[in-house]
Every structure is written in C-alpha cells, then in structure tokens.
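Structural features, examined
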Amino acid sequence: MNFLEEKILADGIIKPGNILKVDNFLNHQIDIDIMRQIANEFKRRFRGKTVTKILTIEASGIAIATMLADMYDVPVVFAKKGETANCTDDKFVSQAYSFTHKKMNNVFVSRPYLNAGEKVLIVDDFLADGQAMLALIDIVKQAGAEVVGLGVAIEKGQQKGGEILRAAGYHLESIAIIDSMDAEKQTVNFRKL
C-alpha cells in the first residue's frame, strides 16, 4: 500500500453514488506533505520525459500541478471552466462533462500560454470517466503541442476513463486506483499494481 492509499483509508469518506470525499487533504483543504509526495511520485514515474509545461484543469489539480512544475522548473497552465470579463476570444476550447458536478463545461486555455512543439505533462486530482483528460488532450493537440504523459492522483478504476486513455496509447500514471468502494461499510479496495 502506498502513501496515498493509506491517506485515503485514514481520511477519505465514501458517499453514496460512488463519490470519494477527500476534501480534507486533496481538493478543499490541502495537505502540503501529501501534495509534495504526489509530485515526487509523478516526477519519479515520468523520469526520462522532457516536460516544458504542466497542464491541469481548475481547480483541484492546480495544487498538484504547481508542486510538480516547481520540480521541473516549468510553468503551470490551467484550463478554465468559466468565462470572465477579461477573457480573450483567442483561446483553445474543448468540452468536458464533470462527473462530480454532473454538467458539461466548456474548458479553455488562452492561446499565448500553450504553444506548438511544447512537451506537456497533464495532471489532475481525479480520473473517473476521463472527460476532463480528453478535453485537455484535445486542447494540447489544438495547440500543436505534445502530450508526454498523464498523471492522476486517484483513478476510479471501476469507471472507464483509465481504460480509454491507456487503450489510446497515452502514458497514464495513477498513484491510487480504486477498484471498488462501499459507502455503507466505508471500505475502499485498491487495484494491486
């Protein structure tokens, strides 16, 4: 059992509907030590890869992306889900259905922040159906950049996102892969790697 699986068992809460609540350390309150360990693990798993930019989607992936970008000494870019008054029309846009929020989001990255030829490592906190990752991959392709890897803190292995991305040939690394959860018993079963 790795550090993240241990943390999930100690502090995660399983809610009905296949929801794992880890907001006390990963995506609301942030445990910096866990973030550091996640970033170190991704750096180890993607060693030998040239990375010129880290890409994530707002908001929960930003902490992981920032820690990892510091290790690579490269910028972080995060795809935004909402338009603001100062948004430019000059952007790469894709769509992603949010499993957590049960809605379709337009996600975008302003063109100046993602360039042709860049080597992009995409990271996020969760992978369920893979829609956010597929949207980010689409944005990288629109920019003419290259996806060098996909890093996910927690993959819901009972859903199809990981299977789809691996079948498409992407180098996907998930630190914890959950095969099943039981809200009533508060149990989590992890995939043996």
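Up top you'll find the structure we're talking about.
Let me sum up the structure you'll find in this document. Being a predicted model, the structure only gives us computed values, none of them experimental. (Residues numbered from 1 in each chain as written. Predicted model: local features only at pLDDT ≥ 70, side-chain atom pairs only at ≥ 80, totals over all residues. Heavy atoms only, no water.)

1. Brief notes about the pairing of strand β9 (residues 172–182)
The buried fraction of β9 amounts to eight of the 11 residues, a majority that puts the element mostly inside the structure. Taken together, the six bridges between strand β8 (residues 146–156) and β9 define a ladder with parallel strand orientation. By the bridge assignment, Leu-150 is partnered in β9 with Leu-172. Alignment of β9 against strand β10 (residues 187–190), held across four bridges, turns out to be antiparallel. Pairing of Ile-178 across the sheet is with Phe-190, part of β10. A loop of four residues connects β9 with β10, the two strands running antiparallel in sequence, and Gln-186 in this loop sits at a positive phi of about 55°. (Buried < 20%, exposed > 50% of the residue type's maximum accessible area, 1.4 Å probe, protein only. Helix = DSSP H or I, 4+ residues; strand = E, 2+ residues; numbered from the N terminus. Pairing = 2+ DSSP bridges.)

2. Overview of the packing of helix α2 (residues 32–45) against helix α3 (residues 61–72)
At a closest axis distance of 9 Å, the pairing of α2 and α3 adopts a crossing angle of 55°. Accordingly, the angle class assigned to the pair α2 and α3 is oblique. The chirality of how α2 crosses α3 is right-handed. For the pair α2 and α3, contact is made by Ile-32, Met-35, Arg-36, Ile-38, Ala-39, Asn-40, Phe-42 and Lys-43 and by Ala-63, Ile-64, Met-67, Leu-68, Met-71 and Tyr-72, respectively. Looking at the contact of α2 with α3, its residues break down into 11 nonpolar, one polar and two charged. (Axes fitted to C-alpha atoms, helices over the stretch in contact; angles between N-to-C directions. Parallel < 35°, antiparallel > 145°, perpendicular 65-115°, else oblique. Left-handed = near helix turned anticlockwise from the far one by under 90°. Contact = heavy atoms within 4.5 Å. Nonpolar A, V, L, I, M, F, W, Y, C, P; charged D, E, K, R; others polar.)

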